[in-house]
Amino acid sequence: MTPPTSPRVSHRRRLTKRRAVVGGIAALGVTAAALVTTSMMSTAGAATAWPEAKGQQPTAKTIEVSGTLDGGLKRYYGTGDLGGDGQDEGQDPIFKLKDGAVLKNVIIGSPAADGIHCQGSCTLQNVWWEDVGEDAATFKGTAAGSTYTVHGGGAKKADDKVFQFNGAGKLVITKFQVSDFGKLVRSCGNCSKQYQRNIIVNDVDITAPGKSVVGINTNYGDTAALRGIRIHGDSAKKIATCDRFTGNNTGAEPPKTGSGPDGKHCRFTAGDISYK
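Residues numbered from 1 in each chain as written. Predicted model: local features only at pLDDT ≥ 70, side-chain atom pairs only at ≥ 80, totals over all residues. Heavy atoms only, no water.

*Asks:* Residues and numbers for the sheet that holds strand β14 (residues 183-187), please.
*Replies:* Pairing is mixed in the open sheet, where 9 strands are placed in the order β2-β4-β6-β8-β11-β14-β16-β18-β19. Whereas interior strands pair on both sides, the edge strands pair on one side only; in this sheet they are β2 (63-65) and β19 (256-259). In this sheet, adjacent strand axes meet at a mean angle of 15° when their direction is disregarded. Sheet topology places strand β16 (residues 212-217) next to strand β18 (residues 240-245); 5 bridges connect them, and they run parallel. The residue of β18 that forms the bridge with Asn-217 is Phe-245. (Pairing = 2+ DSSP bridges. Helix = DSSP H or I, 4+ residues; strand = E, 2+ residues; numbered from the N terminus. Axes fitted to C-alpha atoms, helices over the stretch in contact; angles between N-to-C directions.)

If you want it as structure tokens, here you go:
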């Protein structure tokens, strides 16, 4: 397969629908360790120019990561069994991160397969998805203390979810940018094993078209705290901020029960969201 020299133009169907900090953290019961995780937060703004790839890495087999892998802004893309870019469930990822692993300075090109799987706590730093495949990243740790950190980077062209939160614990997204997407984060609505999941999205730029920022399951005690969310190109405010669902473990489609801040599960105010 000839490596692409620049992001390909996606021909898949494009979607047509698309505070205080201390108070929010305290409400989530964040531990001292989590405060360290979120110490990188600031209001400097997430949007930066997309990086140019410094080389190509065709990937036919999932790369397993323990410790830290610094990709040096090389573009990784799938070939062979990893050469799919559709929405079929069960695809293998380009990267599989073991508990505690760090992946940084990586561009995931196309085909992107199922992006990244985190088997436990993980950190994704300055990771960019040029054309999201099934999902950009899936978080799968089973320990309630698991923490998944996404700092910097961005994603484009996600037909459905960018981040799929299947496991337990807390997901913290800071200084990220996303455009042309379905859902930025979805707490799994119908996984066979369900958990309480807490989500913090801070200092993020979102560009329409898109469907929703966060989707959570209130019956499992999920929470989402949104701060410094800048939505671009959505003067009609069609992008939902925080959708609430009743999840299940049977595989059935979960019913939506509400949207927007409710002071309990969706923890933010109108002042935390701005439209550009």
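*Asks:* Got a sec to walk through the pairing of β14? Specific residues and values, please.
*Replies:* Most of β14 is tucked away: 5 of the 5 residues are buried. The pairing of strand β11 (residues 161-165) with β14 spans 4 bridges and is classified as parallel. Within the sheet, the bridge partner assigned to Lys-161 lies in β14 and is Lys-183. Taken together, the 3 bridges between β14 and β16 define a ladder with parallel strand orientation. Of the residues in β16, the one forming a bridge with Lys-183 is Ser-212. (Buried < 20%, exposed > 50% of the residue type's maximum accessible area, 1.4 Å probe, protein only.)

*Asks:* Any chance you could break down the state of the cysteines for me, citing the residues and the numbers?
*Replies:* In this structure the tally under the stated criterion is 3 disulfides. For Cys-118, the disulfide goes to Cys-122, at an S-S distance of 2.1 Å. For the disulfide bridge between Cys-118 and Cys-122, the dihedral angle about the S-S bond is near 90°, and by the sign convention the bridge is right-handed. Per residue, the accessibility class of Cys-118 equals that of Cys-122, and both read buried. Shown here is the disulfide that connects Cys-242 with Cys-266, its sulfur atoms set 2.1 Å apart. Because the torsion about its S-S bond is -70°, the bridge between Cys-242 and Cys-266 counts as left-handed. (Disulfide = S-S within 2.5 Å.)

*Asks:* Account for the packing of aromatic side chains, naming residues and giving values.
*Replies:* Considering all chains together, one arrives at 9 aromatic pairs under this definition. Ring plane angle 80° and centroid distance 5.8 Å describe the contact between Trp-129 and Phe-163, whose orientation is recorded as edge-to-face. Of this pair, Trp-129 sits in strand β7 (residues 122-129) while Phe-163 sits in strand β11, and the two are 34 residues apart along the sequence. Of the two residues, Trp-129 and Phe-163, neither departs from the other in class, the shared state being buried. Ring geometry for Phe-139 against Phe-163: centres 5.9 Å apart, planes inclined by 45°, an arrangement best described as tilted. (Phe/Tyr/Trp six-rings, centres within 6.5 Å; stacked < 30°, edge-to-face > 60°.)

*Asks:* Summarise the confidence of the model for the chain; cite the residues concerned and give the values.
*Replies:* Residues of the chain with pLDDT of at least 70 account for 82%, and the chain-wide mean is 87. Per-residue pLDDT stays below 50 along residues 1-43; that stretch engages in 83 contacts with residues further than four places along the chain or on separate chains. (pLDDT = per-residue confidence, 0-100. Contact = heavy atoms within 4.5 Å.)

*Asks:* Describe the side chain of Arg-197, naming the residues involved and giving the relevant values.
*Replies:* Counting through the fold element by element, Arg-197 comes out in strand β15 (residues 197-207). In this structure, Arg-197 is buried with no salt-bridge partner, the nearest side chain bearing the opposite charge being Asp-222 at 4.5 Å. Engagement of the side chain of Arg-197 in a polar contact is seen with the backbone oxygen of Phe-165, the distance being 3.2 Å. Here Gln-194 takes part through its side chain, which lies 2.9 Å from a polar atom of the side chain of Arg-197. With residues up to four places along the chain from it excluded, the contact list for Arg-197 reads Phe-165, Asn-166, Gly-167, Gly-169, Ser-187, Cys-188, Asn-217, Asp-222 and Thr-223. (Lys, Arg positive; Asp, Glu negative; His and termini not counted. Salt bridge = Lys/Arg side-chain N within 4 Å of Asp/Glu carboxyl O. Polar contact = N/O pair within 3.5 Å; in protein donor to acceptor, adjacent residues only side chain to side chain.)

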